[in-house]
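Notes for the structure review
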Amino acid sequence: MKLFIDSAKIEEIQKLEDLGVIDGITTNPTLASVTGKKFKDLVSEIFETLSKDRIINLEVIATDYDNILKQARALAALDSRVVVKIPCIPDGLKACKKLSEEGIRVNITLVFSPMQALLCAKMGAFYVSPFVGRLDDISMDGMDVISEIVKIYKNYEYKTQILFASVRSVEHIRLAALAGVDIVTSPYNFIMEMYNHPLTDKGLAQFLEDWKNAGEEFIAV
Ligand code: E4P
């Protein structure tokens, strides 16, 4: 399973890039706007921060076919790592088909139902992004939507990859992996939480204490 960071904060992206744990990033207009940076500058910084085999998901803000095409082509031309995020609306899906035929990879975002996901696959999307947390936020079961998308894609052997988005907890990441999604995009804090277990901390403290008490010396390094 691939792991993306869902963030436009360079410090967070840099930290996880350094740890080598992420395969790419997702951003959206909200995440980009809270940085207070000009979009052009932010994008350049992201390109510099991530190594060459990472995936960088950047989103269009147009909502009509012609302008979605223009913005998507402009984003894709910036860097070979870019996957273009387009909202799940009729013009967006129409543009997805055209762009996919041109070889531009498209991530259809703001997906909330298996029927939307079915259309994304039919229109040749590279990624489909179901927003699980936002469904849970309104007391629906986001995981049910994921299970149905996984099943539908298996039934028809669609190549579109499922990108589990809108993560609210580490538990979401666990459930996503069990459901067999291709990618999870998570905020920084939940990725860092994945490293944690109290028994790891306790065990390590004990190992170091026992070593110290034994007065042992480590091999020459
Ligand atoms: C993914 O691409 C989205 O940017 C993101 O996961 C949305 O998450 P949110 O519901 O926490 O805003």
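In the block above lies the structure referred to throughout.
Definitions and limits used
Residues numbered from 1 in each chain as written. Predicted model: local features only at pLDDT ≥ 70, side-chain atom pairs only at ≥ 80, totals over all residues. Heavy atoms only, no water. Near = heavy atom within 4 Å. Polar contact = N/O pair within 3.5 Å; in protein donor to acceptor, adjacent residues only side chain to side chain. 1 Å grid on protein atoms, 1.4 Å probe; cavity = no way out; pocket = protein on both sides within 12 Å on 5 of 7 lines; lining within 4 Å. Sits in = over half its atoms within 2 Å of the grid points. Buried < 20%, exposed > 50% of the residue type's maximum accessible area, 1.4 Å probe, protein only. Helix = DSSP H or I, 4+ residues; strand = E, 2+ residues; numbered from the N terminus. Arc of directions from axis to C-beta. Contact = heavy atoms within 4.5 Å. Salt bridge = Lys/Arg side-chain N within 4 Å of Asp/Glu carboxyl O. Axes fitted to C-alpha atoms, helices over the stretch in contact; angles between N-to-C directions. Left-handed = near helix turned anticlockwise from the far one by under 90°. Nonpolar A, V, L, I, M, F, W, Y, C, P; charged D, E, K, R; others polar. Phe/Tyr/Trp six-rings, centres within 6.5 Å; stacked < 30°, edge-to-face > 60°. Lys NZ or Arg CZ within 6 Å of the ring centre and 35° of its normal. Points joined across faces, edges and corners; volume = space filled by probe spheres on them.

1. Observations regarding the site of the ligand
- In the vicinity of the ligand, the residues found are Asp6, Thr26, Asn28, Lys85, Phe131, Arg134, Ala165, Ser166, Arg168 and Thr185.
- Asn28 is positioned such that a nitrogen or oxygen atom in its side chain is 2.6 Å from an oxygen atom of the ligand.
- Ser166 is positioned such that a nitrogen or oxygen atom in its side chain is 2.7 Å from an oxygen atom of the ligand.
- Its atoms largely coinciding with the cavity grid, the ligand occupies the largest pocket.

2. Digging into helix α3 (residues 39–49)
- Every buried residue of α3 is accounted for by Leu42, Val43, Ile46, Phe47 and Thr49. Buried residues of α3, seen end-on, are gathered within an arc of 165° and therefore sit on one face of the element. Exposed side of α3, more than 90 degrees from the buried face: Lys40 and Glu48 are the residues found there.
- Where α3 is buried, its residues meet α1 (10–19), β2 (24–26), α2 (29–34), β3 (55–59), α4 (65–78) and β4 (82–87).

3. Concerning the pattern of salt bridges
- On inspection of all chains with the given rule, the structure shows 10 salt bridges.
- We note a salt bridge from Asp79 to Arg81, for which the minimum N-O separation is 2.9 Å. Of the two residues examined, Asp79 and Arg81, each falls in the buried class.
- For Glu102, the salt bridge goes to Lys98, with nearest N and O atoms at 3.8 Å.
- Judged by its relative accessible area of 36%, Glu102 is partly exposed.

4. Regarding the packing of helix α6 (residues 114–122) against helix α8 (residues 142–156)
- Where α6 meets α8, the closest approach of the two axes is 9 Å, and the angle between their N-to-C directions is 35°. Of the two possible hands of crossing, α6 and α8 adopt the one that is right-handed. Residues Pro114, Met115, Ala117, Leu118, Cys120 and Ala121 of α6 form the contact with α8, whose own contacting residues are Val145, Glu148, Ile149, Ile152 and Tyr153.
- Its residues assigned to classes, the contact of α6 with α8 shows 10 nonpolar, no polar and one charged.

5. Concerning the side chain of Glu17
- Residue position: Glu17 is located in helix α1.
- Using a relative accessible area of 12% as the deciding quantity, one classes Glu17 as buried.
- Of note is the side chain of Glu17, whose polar atom sits 2.9 Å from the side chain of Ser51.
- A distance of 2.9 Å separates the side chain of Glu17 from the side chain of Arg54, its partner in a polar contact.
- Those residues in contact with Glu17 that sit more than four places away from it in its chain are Ile22, Thr49, Leu50, Ser51 and Arg54.

6. Quick word on the packing of aromatic side chains
- Enumeration over the complete set of coordinates arrives at six aromatic pairs.
- An angle of 40° between the planes, with centres 5.9 Å apart, marks the rings of Tyr156 and Tyr158 as tilted.
- On the basis of relative accessible area, Tyr156 is assigned to the exposed category, the value being 55%.
- Taking the relative accessible area as the measure of exposure, Tyr158 reaches 26% and is therefore partly exposed.
- Following the ring pairs from residue to residue traces out a cluster consisting of Phe4, Phe126 and Tyr127.
- Above the plane of the ring of Tyr65 lies Lys94, whose end atom (NZ or CZ) is 4.2 Å from the centre.

7. Things to note about the layout of surface pockets
- In this structure, the largest pocket encloses a volume near 270 Å³.
- Asp6, Asn28, Leu31, Arg134 and Ser166 are the residues nearest the centre of the largest pocket, which is lined by 17 residues in total.
- What the second largest pocket holds in volume is close to 190 Å³.
- Lining the second largest pocket are Thr27, Asn28, Pro29, Ala32, Phe39, Glu59, Val60, Ile61, Gln71, Ala74 and Leu75.
- Sorting the residues of the lining of the second largest pocket by element identifies α2 and α4 as the ones contributing at least two each.
- If one sorts the elements of the lining of the second largest pocket by residue count, α4 sits on top with three residues.

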